[in-house]
Amino acid sequence: MLPFKNRLVKRKEHEQVQKLGNFTSSKNIAIKAMKNNSQETRIGVIVGLKYSKKAVERNQVKRALRDIVQPELKNIVRGYDIVIMARKKEEEKTRSINFKKNILEALEKGQLLINKK
RNA sequence: AAGGUAAAUUGAAUAAUCGCUCUUCGCUUUUGUGAAGGGAGGAAAGUCCGGACAUCAGCCCCGCACUAACUUUGCAUCGGCCUUCGGCCUAAGCACCAUAGGUGCUAUGCAAAGUUAGUGCGGGGAUCGGUAGCGGGUAACGCCCGUCUAGGGUGACCUACGAGGUGCGAGCAGAGACGCUUUGAUGUGAAAAUAUCAAAGCACCCUUCGGGGUGAGCCCCGAUAGUAAUAUUGGGGGUGAAACGGCUAAAUCCUUACUUAGAUGCAAGGUCGUACGCCAAUGCGAAGCAGUGAAAACAGUAAAUUGGUGUUUUCAGUGCUUCGUAUUGGUGGGUACUGCAAGAGCUUAUUGGUAACAAUAAGCCCAGAUAAAUGAUUAUUUUUAACAGAAUCCGGCUUACAGAUUUACCUUGAAA
RNA sequence: UGAGAGAUCGUCUAGUGGUAGGACAGCGGACUCUGACUCUGCUCACCGGGGUUCGAAUCCCUGUCUCUCAG
């Protein structure tokens, strides 16, 4: 799990990011990001009913996404609220998706990664 | 040993690193940080039943208890002192008798009785519901247990239905099935008509119109032919028709017995705080507008003074509007805490009971999140790991489920 | 998470135990020189699985899907 200060907590904040954030995506991941006033990166994860009807599967995906994001926190530009959404086609199975690759791809597209050059 | 029946248990394990949540303790005390410990299920699911809990509402009668008000009756009366019982000192509104004092009224207190209202508990009844062989269990249920009946299975065992009627008319049986037509009676109606009840409804002949006779058909007893279905035929008396019977709910209605009590649902409900929005009232301040009063100036009246009129300025004060601010009240949304996990709890043992279950004793504390906690990585082993994620809490039912294990029993075969 | 409602021809709907009806659409025919309109005929359905019943779209149980409300 993420430390408390790095989570997007409130429902209203989520809605704001959903409405006003910049959208980028890769194959199985969609990202909305918006600047906030603090120095911290705050991340929320959404896995909707459309992803799967089983609660267990949705929880597993949420855990997986958080675990992937956590070590990358250092590499993400500070001061953004980020909402990560998972998506898949009906036939796809959760196990066959490589979320890490997808997330990094999406973050790069949104220019949220710190360049190591 | 093989096959099966019923029930129960379990639902990958171990180690290391990183990370989350709760509790306790310590250090800091604002955030934090260290240690120890706890951290999803048998179905957590579906929401199909039943409760707990909470808020709102709450039929009639009786009894008991408590509280409040009122009425009646009785007793007492500020206050102070002494060691309790109690005694002493002193004092007391109004009216009357009449002054040792007494009576009545008022006020207050206490006690008793009664009335009214409210609350709680218990009992009975009515009505809306629910259930249905019989008996039991449970907080309760449509749940569970035992047993009766029917069906299936060699068997262990499994499955199913279950009060009494009414109405309906599909199927069976039957010559014919709940109906049609005609007539009559009764009720309603001006009539038409309609509802209910009763009777009649094969063919021909006779008739005094009541009915009678003959024949077909039906019923009963036969005979002949044929393996048989059946065909032909004899006798009898009845009938000559539209009866009688079986089944029928988890839809409707009635009855009986038992049982229960409504509605809404933890996003129920409660507490704290008030930084926020809106509305209302009040106070203060500012601005604007409109009246009022006073003063001054000017105009005007033929003219001086006075008075009055009009305009302007200043001051005072009133009303209205707007803005700001403060207080109070209402309302809306938001937030924190609570509700919230010690419970119809779990484990073990004993006793009662065929059992469901109950009682007793001992021990135990076992998730409590709030965008929502159990994961990831590495290594080893095996069967390569099913269905699946708590959200107020319980008891059932139903549905999903890879496998593994245990117990009891049955059938068959073999051996003794 | 809690509370409810529903599923009937391709589409919209009616049907409260006894042949599942209508409208639009589709197909064929008639009318017309042809098309449209009109007339006429036909085709096409009870969400899946069990049960009660002589008989189920309807009643009961169960599963699936869709929608609504609270937030």
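Preceding this paragraph is the structure being described.
Residues numbered from 1 in each chain as written. Chains lettered and ligands numbered in written order. Predicted model: local features only at pLDDT ≥ 70, side-chain atom pairs only at ≥ 80, totals over all residues. Heavy atoms only, no water.

(A) Broad picture of empty space enclosed by the protein. Applying the stated rule across the entire model yields one cavity of 30 Å³ or more. What the largest cavity holds in volume is close to 30 Å³. Ile31, Ile43, Val69, Ile76, Ile82, Ile84, Ile103 and Leu107 together form the lining of the largest cavity. Only strand E4 (80-86) and helix H3 (99-109) provide two or more residues apiece to the lining of the largest cavity. Considered class by class, the residues forming the lining of the largest cavity number eight nonpolar, no polar and no charged. (1 Å grid on protein atoms, 1.4 Å probe; cavity = no way out; pocket = protein on both sides within 12 Å on 5 of 7 lines; lining within 4 Å. Points joined across faces, edges and corners; volume = space filled by probe spheres on them. Helix = DSSP H or I, 4+ residues; strand = E, 2+ residues; numbered from the N terminus. Nonpolar A, V, L, I, M, F, W, Y, C, P; charged D, E, K, R; others polar.)

(B) Examining the nonpolar core more closely. With 22 residues, the main nonpolar core has Ile29, Leu65, Ile82 and Ile84 as its most contacted residues. In this structure, Val17, Ala30, Val83 and Met85 belong to the second largest nonpolar core, which totals five residues. (Core = buried A, V, L, I, M, F, W, Y, C linked by side-chain atoms within 4.5 Å. Buried < 20%, exposed > 50% of the residue type's maximum accessible area, 1.4 Å probe, protein only.)

(C) Structural detail: the environment of Glu57. Following the sequence through the fold, Glu57 ends up in helix H2 (residues 55-72). Look at Glu57 and you get buried, because its relative accessible area is 19%. Separated by 10 residues in the primary sequence, Glu57 and Val47 have C-alpha atoms spaced 9.6 Å apart.

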